[in-house]
Amino acid sequence: MNSISEKKLPGDFAIWIFIYAELLVFGVFFASYAVTRSNHIELFNQSQLLLDRTAGMINTVVLITSSWFVVNAVHAIKAGKQNLSVRWLAGSIGMGGIFLGVKMFEFITKHNEGITLSTNKFYMFYLSLTFFHFMHVILGMVILAVILVMARRGKYSATEYTGIETGASYWHMVDLVWIILFPLVYLIQ
Amino acid sequence: MPNSTTNSQTLNKQTVDSQQTDLDYRNSTRKTFVIWVGLVSLTLLGYWIGMEGMSGNLALGILLGAALIKGQFVITYFMEMVNAPLKWAIIPTVWLLLVLAIIALMY
């Protein structure tokens, strides 16, 4: 918490290579969506109206909240508050669980409506993009769970918190990607 | 006697350090809370635009602008790129700008 400290990437450097690679993949996905939509505007606009935008909004708030919990977990461990850090981490994993539940509800609803990847181009993007992101949320939750267990065992302290920063950085990437995905797929007409 | 004075000074310093750490933690959570409120507000604004069925350049501008601000907030304060070297910190910001620019051009 020094005001004058050396500038460095938070967490392990290797996670940043992974994060930048993930951003590149999602970026290509988003650009492909936008380019494909420009050739099928009516189809995309009509199909998009059938999405559950309230579920999308709830999940955005949930993911943002989980990211906020995670950054507080990092700040707590830097202040030497291990128990508090564990509680923030548990809260963020809980939020991740809510996200998965809401998303599952959306997937099941669409499945029951007979919508699949081959229904049309919009749904091909909607299902593949959101499922791809869904898998990243699961991976992020696994990472956070490992960190939580380590934190409970006292592996992190005010002077050693690289592990928590590493997991937190990955989780924020998952949040960042959703911040683009939500307006792109659910809202912009 | 000098030993007990030194011990007392050390104890006082530890107490002051601990209080400062608590204060820093409270300030940082307050700051991230304000950012969280901003992120949720922009999300609700976007949702309202979507539910109202607004389209056109103004709606597009607001939605992409909100995504830009939200994304940069996450990059700067949640990912803590504010404390990272510029050459690495700039990458997610460039990614964000590029993706949003491509979307804007295609719409």
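In what follows, the accompanying structure is described. (Residues numbered from 1 in each chain as written. Chains lettered and ligands numbered in written order. Predicted model: local features only at pLDDT ≥ 70, side-chain atom pairs only at ≥ 80, totals over all residues. Heavy atoms only, no water.)

1. A look at the packing of helix α4 (residues 82-112) of chain A against helix α6 (residues 162-187) of chain A
Packed helix pairs are specified by the crossing angle of their axes together with the interaxial distance, meaning the distance between the axes.
All names here are of chain A.
Item 1. Remark: α4 packs on α6, axes separated minimally by 13 Å, with the N-to-C direction vectors making an angle of 30°. Judged by the angle between their axes, α4 and α6 are roughly parallel. For the crossing formed where α4 meets α6, the hand is left-handed. Where α4 abuts α6, its residues Ser85, Ser92, Gly96, Phe99, Lys103 and Glu106 lie against Ile164, Trp171, Trp178 and Tyr186. (Axes fitted to C-alpha atoms, helices over the stretch in contact; angles between N-to-C directions. Helix = DSSP H or I, 4+ residues; strand = E, 2+ residues; numbered from the N terminus. Parallel < 35°, antiparallel > 145°, perpendicular 65-115°, else oblique. Left-handed = near helix turned anticlockwise from the far one by under 90°. Contact = heavy atoms within 4.5 Å.)

2. Topic: the interface of chain A and chain B
Item 1. Opposite the 53 residues of chain A that make contact, chain B presents 48 residues.
Item 2. The contact between chain A and chain B buries some 4,400 Å² in all, and 75% of this surface belongs to carbon and sulfur atoms.
Item 3. Applying the counting criterion to the chain A and chain B interface returns two salt bridges.
Item 4. Here A:Lys81 ties to B:Asp22 by a salt bridge, and the two come within 2.5 Å at their closest N and O atoms.
Item 5. Counting every contact that joins chain A to chain B gives 16 residue pairs in polar contact (both at pLDDT 80 or more). (Buried area = accessible area lost by both parts, 1.4 Å probe. Salt bridge = Lys/Arg side-chain N within 4 Å of Asp/Glu carboxyl O. Polar contact = N/O pair within 3.5 Å; in protein donor to acceptor, adjacent residues only side chain to side chain.)

3. Considerations on the pattern of salt bridges
Item 1. All told, the structure shown has five salt bridges over all chains when counted by the stated rule.
Item 2. Each of A:Lys78, A:Glu165 and B:Glu80 takes part in a single network of salt bridges with overlapping partners.

4. Some points on the environment of A:Ser128
Residues and elements named next belong to chain A.
Item 1. Position of Ser128 relative to the elements: it lies in helix α5 (residues 121-152).
Item 2. Ser128 has contacts with Phe29, Leu117 and Tyr123, leaving out every residue within four places of it along the chain.
Item 3. In this structure the side chain of Ser128 is engaged in a polar contact, spanning 3.4 Å, whose partner is the backbone oxygen of Phe125.

So far we have only geometry, and geometry alone does not tell us how the molecule works.
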